[in-house]
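# Inside the fold
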Amino acid sequence: MTALLEAAGLTKFFGAVRAAEELSVRVDEGEMVGIVGSNGSGKTTFLNLATGYLAPDRGRILLAGRDTAGLSPRLITRLGVARSFQIPQLYLGLTVLENMLLSLAARSGRGGVWAPLYRAPWTDEGRQILERFGLEAYASRSVGELPEGGRKLLDIALAIALRPRLLLMDEPTAGVSTEDKFEVMDTLVGVLRQGRITTIFVEHDMDVVHRYSRRVLVFDQGLVIADGEPVTVLADADVRKAVLGHA
Amino acid sequence: MGPRPRPSPLLPLGALVLFLLAPLVLSGWIVFLLTVAWAKALAVLGVVLLLRGGLLTFGHALYYAAGAYAAGMAVKYLHVREGLALLGLALLAGVGTSALLGLLVARYRGVYFALLNLAFSMVLYGVLLKFYAITGGTDGLGLPAPPLAGLRPVAQSLRLALYDLTLVLAALLIYAAHRFSASPVGYTLRAIRDNEVRVEYMGASVWRTIYVSYVIAGGLASVAGALIGLSVGHITPDLSFWSQSGEFVFVAILGGTGSVLAPVVGSIVFEFVRNYAFELSPYTWQMTLGIVLLVIIFFLPGGLWSLSALARRLPRRGAPPPFRTSPRDGAGAAGARTADQAREPRGGR
């Protein structure tokens, strides 16, 4: 079986800083993979490389067997890879629903200049998605009025609305309060399972990784130092030292 | 809930009818002033569309002049007389020029976008000025009274016919701009102003969106230029001068970017303020205009159009609903309680 995402020998330096070296990662259809690592270990760089935002110095990335070298984030998105961000990337001047509608319009590929953005199939679906994330009450409000936790959810909802084959999430529970994070993740995982969306998520919270991923990659200074089940991997002394700073 | 509540079309249509009837009571020169204001409003509309995407141009007069000179040259060299045909040719010239230059300009942002447009408009200015044999240099070109749709209005009714033509054409194009603004591409343009990276990560093309908007803005300005040419009967290279581009930006800020109707309001106010300021004080009229702009920027940063939103906003909603990040609760209790609030019309747009 061809892997959905296969990165081979990815190397990226920022000057003398090693952000990725000989990274090789294989993710199969249907997996839910967590990525952990300390700050600056290359987690976000990996997402940036995988989505074409950065070009690797060496190595290549195959998406369902297709080489994505030289493709922009836009074209990689159109190949079925969506991404959410550590800091929500939203359109602050538009309403919550309008943000969602733009995602649905982009997915359809029908960006006309005459028919309105507000069309029944999109508004219906958009409201449904917002409802699943508990954002329905904010639909006609400006994104600027949304609290931080809501922005985080909307950022992820916009990516999921694209119906990707592969979703890359950068710290989905950052900015979400401790008591809410499991509920947020339960909702997310429910939606992802239902849509059969393969997911890779970067996460600082070990509890979240333990609970929601069946496989975890540990990044340290641009290298993958461990790959396996959370129970085994996260118990390893070297891993704990690299990620948490203590064993 | 259905699509968002749309603004009623009755008000703009009623205003259009009033404008069409206005010549019955207004003097000839005021009708002429209104013709000029409505025509220029189309060029300003182009500037406003680009501003919504966060793109400020200091060279939009390029397309204004391109339209006017396309009409002027068609009269001189192709012996086209029909006014509607001249307008069609002008539109073609504007769209063609902006489609060509847009290939380059749409890659730039901020001050580079503004100045690149300025540079191109001044190149056209130079060409129009220096190629005397073709363009008439500073003398410009004459546009004799045109037949309209085959009819030859006599001198007195020509002014009225051009006024009506300008109004109807402007109304149609403003409606088209309204449709564009509410379309996926129109919204994407506004999204680009907020966050280009996210637009690309949605799989939509930033470049294509800006390019299409730029061509539309160029087309609007070229029709404005041809309408001015037909109404004034004479065109000069000044149409492409940087101060003309500056005027369009001035009027865009004066009217505001909140509505496709704002450029009309801004343009009419501008033409009247300029004329009366000139009449009152021929030497300091520019200062008067400057003071008007300062007052607008300090007290009405959304332009004159924000006055209408201000009036609607007075009975405004209360505090936003409480938010919890737990999705299931949010959809239940908070969702039900705020359904009424959500239905209230938004005041801000």
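The text that follows walks through the structure, step by step, so that each part is easy to find.

Here is what the cut-offs are and how they apply
- Residues numbered from 1 in each chain as written.
- Chains lettered and ligands numbered in written order.
- Predicted model: local features only at pLDDT ≥ 70, side-chain atom pairs only at ≥ 80, totals over all residues.
- Heavy atoms only, no water.
- Patch = residues over 30% accessible without salt bridge, like charges linked within 9 Å, V, L, I, M, F, W, Y side chains within 5 Å.
- Areas by Shrake-Rupley, 256 points an atom, 1.4 Å probe, with all protein chains shown as cover.
- Salt bridge = Lys/Arg side-chain N within 4 Å of Asp/Glu carboxyl O.
- Helix = DSSP H or I, 4+ residues; strand = E, 2+ residues; numbered from the N terminus.
- Pairing = 2+ DSSP bridges.
- Contact = heavy atoms within 4.5 Å.
- Axes fitted to C-alpha atoms, helices over the stretch in contact; angles between N-to-C directions.
- Buried < 20%, exposed > 50% of the residue type's maximum accessible area, 1.4 Å probe, protein only.
- 1 Å grid on protein atoms, 1.4 Å probe; cavity = no way out; pocket = protein on both sides within 12 Å on 5 of 7 lines; lining within 4 Å.
- Points joined across faces, edges and corners; volume = space filled by probe spheres on them.

### Here we look at a nonpolar patch on the surface
All names here are of chain B. A surface patch of nonpolar side chains, amounting to about 740 Å² of accessible area, comprises Tyr77, Leu78, Leu89, Leu92, Val123, Val127, Phe131 and Ile134. At the level of elements, α4 (83-105) and α5 (110-130) are the ones that each hand at least two residues to the nonpolar patch. Along the chain, the position of Val127 falls in helix α5.

### A word on the sheet that holds strand β1 (residues 5-14) of chain A
Residues and elements named next belong to chain A. Spatially, the four strands line up as an open sheet ordered β2-β1-β4-β5, and their pairing is antiparallel. Edge positions in the sheet fall to β2 (17-27) and β5 (66-67), since each has one partner strand and no second. Bridge count between strand β4 (residues 58-63) and β5: two bridges; the pairing is antiparallel. Bridging across to β5, Leu62 finds its partner in Asp67. Along the sheet face, helix α1 (residues 43-50) touches β1, β2 and β4 and points at about 115° away from the line of β1.

### Let's talk about the pairing of β2 of chain A
All names here are of chain A. When β1 meets β2, the two strands line up antiparallel, connected through seven bridges. What sits directly across from Phe13, in β2, is Arg18. Joining the antiparallel neighbours β1 and β2 is a turn of two residues, in which Gly15 adopts a positive phi near 65°.

### Digging into unusual backbone geometry
Residues and elements named next belong to chain A. A positive phi angle is found at Glu22, which is not glycine, with a value near 50°. As for its placement among the helices and strands, Glu22 is situated in strand β2. The phi angle at Ala64 is positive, at roughly 50°, despite the residue not being glycine. By relative accessible area, Ala64 is classed as partly exposed at 37%.

### A short note on the sheet that holds strand β10 (residues 223-228) of chain A
Residue and element names in this part refer to chain A. Spatial ordering of the open sheet is given by β6-β7-β8-β3-β9-β10, a layout of six strands whose pairing is mixed. With one partner strand each, in any of the chains shown, β6 (81-84) and β10 form the two edges of the open sheet. The mean inter-strand angle of the sheet, taken between neighbouring strand axes irrespective of direction, is 20°. Across four bridges, the pairing between β6 and strand β7 (residues 166-170) is parallel. Along β7, the bridge assignment pairs Ser84 with Met169. Of the strands in this sheet, β3 (32-37), β6, β7, β8 (198-202) and β9 (215-220) are in contact with α1, which crosses β7 at around 145°.

### Considering the layout of surface pockets
Residue and element names in this part refer to chain B. What the second largest pocket holds in volume is close to 610 Å³. Forming the boundary of the second largest pocket are 25 residues, of which Lys40, Ser243, Gln244, Glu247 and Arg274 lie nearest the centre. Looking at the lining of the second largest pocket, the elements that each hand over two or more residues are α2 (28-52), α10 (206-232), β2 (234-235), α11 (242-255), α12 (262-280) and α13 (285-299).

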